[in-house]
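# Overview (structure and organization)
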Amino acid sequence: MVSPQVKRQAVDVLREERGFGVTRACGLLGISRSLYGYRSRRPVPAGLCERICELAGEKRRYGYRRIHVLLRREGWRVNRKRTYRLYRDAGLAVRRRKRKRIGLFERKPLPKPSAVNRSWSMDFVSDGLCDGRKLRCLTIVDDCSRECPAIEVDTSITGRRVVAVLEHLAEARGLPLSITVDHGPEFEGQVLDAWAYRRGVQLNFIRPGKPVENAYIESFNGRFRDECLNEHWFVTMAHARQAIEAWRIEYNTERPHSSLDDLTPEQYAKKMIEPELLPPCGRETALRGEDLDEDRREGKS
């Protein structure tokens, strides 16, 4: 029993079941009579509880922390503790899904990316349609901004398809200096290797059986499966592509990211790109990244 609310409930139990007086029950639990009798008189803003329930219904896998960020964006003047109390009193809670237990091992921190569009991560996620057909998703994430530039969905994705997706991204936003991948056949094939050599992109392969070395994409895949794949029953391939693309846009533009100070990946990318919003060291890094990209386009070493 830590919170005052729980201690008040314990005093009520002692009074009702044991017949203790108020003074004795409060003394046994270590609270004052004034604290036991205190009731908040601060009015709850009209419509706040209803809005919390609406957001929880729309974003089923969002907890009270992300719902609180959405409320603040809408202009509600409420702190996190009140959001939690109203969220709990409404009987809302995100069901925790059981995860696989991983043995103890030495964890080494990954190098933190210094600029946007410098390093990406790629991986595959498998799912299925309602008729039993296999569904594969190629996920790509920017390691700095956590932004997802593309999710390719199909029953089968070969190395040539991976190259086609990367070529499309090259025209839309440019290519990074390096891409981190595992040892899948699509990534180890000659097609992607020749493309990377031609484009001047370095492929960083993780050690076999060490997915923690590709933690950025693994973290994204966990959110992708929990908030999208497990929440939809895909009827057709067109339905799957539409739902996944809608979730990707929401992830980039609406979903608050706790590791980015509750900003969206798109907002964080703009913050990192704009020189006036960067500290001096970050401004130098961004300018140096632009120089490297320009040298690579001109064919300089």
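Before any of the text, the structure's been laid out above.
Quick caveat: nothing in here was measured; it's all calculated off a predicted structure.

## Here's the deal with the overall build of the protein chain
What the protein chain contains, in helices and strands, is 13 helices and five strands. Burial status across the protein chain gives 40% buried among its 301 residues. At a minimum sequence separation of 6, the contacts of the protein chain that also span at least 24 residues come to 60%. Total accessible area on the protein chain stands at roughly 18800 Å², and carbon and sulfur atoms take up 50% of it.

## A short note on the nonpolar core
Core analysis: the biggest nonpolar cluster contains 22 residues, and M122, V162, L166 and L192 have the highest contact counts within it. Going through the elements one at a time, β1 (119–128), β2 (134–142), α7 (159–173), β4 (178–181) and α9 (190–199) are the ones with two or more residues in this core. Excluding residues that lie within four positions of it along the chain, L166 makes contacts with W120, M122, I140, L175, I179, L192 and W195. Residues I151, F234, M237 and A243 belong to the second largest nonpolar core, which totals 20 residues.

## Some thoughts on the packing of helix α4 (residues 48–58) against helix α5 (residues 64–73)
A packed helix pair is summarised by two numbers, namely the angle formed by the two axes and the spacing between the axes. Contact geometry of α4 with α5 gives a least axis separation of 10 Å together with a crossing angle of 120°. Classified by the angle between their axes, α4 and α5 sit oblique to one another. For the crossing formed where α4 meets α5, the hand is right-handed. Contacts between α4 and α5 pair L48, R51, I52, L55 and A56 from the former with I67, L70 and L71 from the latter. Across the contact of α4 with α5, the residue classes break down as seven nonpolar, no polar and one charged.

## A look at the sheet that holds β2
Taken in spatial order, the five strands of this open sheet run β3-β2-β1-β4-β5, and their pairing is mixed. Of all the strands in the sheet, the pair left with one neighbour each is β3 (150–154) and β5 (202–205). Strand-to-strand twist of the sheet, defined as the mean angle between neighbouring strand axes without regard to direction, takes the value 25°. As defined by bridge partners, β1 adjoins β2 across nine bridges and the pair is classed as antiparallel. Looking across to β2, one finds that V125 is bridged to C137. Strands in contact with helix α10 (residues 215–227) are β1, β2 and β3; relative to β1, the strand with the most contacts, it is inclined by about 35°.

## Thoughts on the environment of R223
Counting through the fold element by element, R223 comes out in helix α10. When its relative accessible area of 31% is taken as the criterion, R223 is described as partly exposed. Taking C-alpha positions, R223 is 9.5 Å from Y251, a pair spaced 28 residues apart along the chain.

## Some words on the pattern of salt bridges
By the definition in use, this model includes 19 salt bridges. Of the charged contacts, one joins K59 and E250 as a salt bridge, the two residues approaching to 2.7 Å between their closest N and O atoms. Taken together, the residues K59 in the loop between α4 and α5 and E250 in helix α11 (residues 237–253) connect sequence positions 191 residues apart. What makes K59 buried here is its relative accessible area of 17%.

## Notes on unusual backbone geometry
A positive phi angle, near 65°, is found at N117, a position not held by glycine. With phi around 65°, R146 is a residue other than glycine that occupies positive phi space. Assignment of secondary structure puts R146 in the loop between β2 and β3.

## Focus: the packing of aromatic side chains
Taken as a whole and assessed by the stated rule, the structure comprises eight aromatic pairs. Aromatic side chains F220 and Y251 sit 5.0 Å apart centroid to centroid with 80° between the ring planes, which places their arrangement in the edge-to-face category. Residue F220 is found in helix α10, and its partner Y251 is found in helix α11; the two are separated by 31 residues along the sequence. Taking the relative accessible area as the measure of exposure, F220 reaches 2% and is therefore buried. Overall, Y251 belongs to the buried group, its relative accessible area being 3%. What links up through ring pairs into an aromatic cluster is the set F220, F224, W247 and Y251. Directly above the ring of F20 sits R24, whose terminal nitrogen or CZ lies 4.3 Å from the centroid. The aromatic ring of F124 is capped on one face by R136, whose charged end is 4.2 Å from the ring centroid.

## Some thoughts on the packing of α10 against α11
Axis separation between α10 and α11 bottoms out at 11 Å; the angle between their running directions is 125°. On the basis of the axis angle, α10 is oblique to α11. For the pair α10 and α11, the sense of crossing is right-handed. Each of F220, R223, F224 and E227 in α10 lies in contact with α11, whose residues at this interface are I244, W247 and Y251.

About the cut-offs
- Residues numbered from 1 in each chain as written.
- Predicted model: local features only at pLDDT ≥ 70, side-chain atom pairs only at ≥ 80, totals over all residues.
- Heavy atoms only, no water.
- Helix = DSSP H or I, 4+ residues; strand = E, 2+ residues; numbered from the N terminus.
- Buried < 20%, exposed > 50% of the residue type's maximum accessible area, 1.4 Å probe, protein only.
- Contact = heavy atoms within 4.5 Å.
- Areas by Shrake-Rupley, 256 points an atom, 1.4 Å probe, with all protein chains shown as cover.
- Core = buried A, V, L, I, M, F, W, Y, C linked by side-chain atoms within 4.5 Å.
- Axes fitted to C-alpha atoms, helices over the stretch in contact; angles between N-to-C directions.
- Parallel < 35°, antiparallel > 145°, perpendicular 65-115°, else oblique.
- Left-handed = near helix turned anticlockwise from the far one by under 90°.
- Nonpolar A, V, L, I, M, F, W, Y, C, P; charged D, E, K, R; others polar.
- Pairing = 2+ DSSP bridges.
- Salt bridge = Lys/Arg side-chain N within 4 Å of Asp/Glu carboxyl O.
- Phe/Tyr/Trp six-rings, centres within 6.5 Å; stacked < 30°, edge-to-face > 60°.
- Lys NZ or Arg CZ within 6 Å of the ring centre and 35° of its normal.

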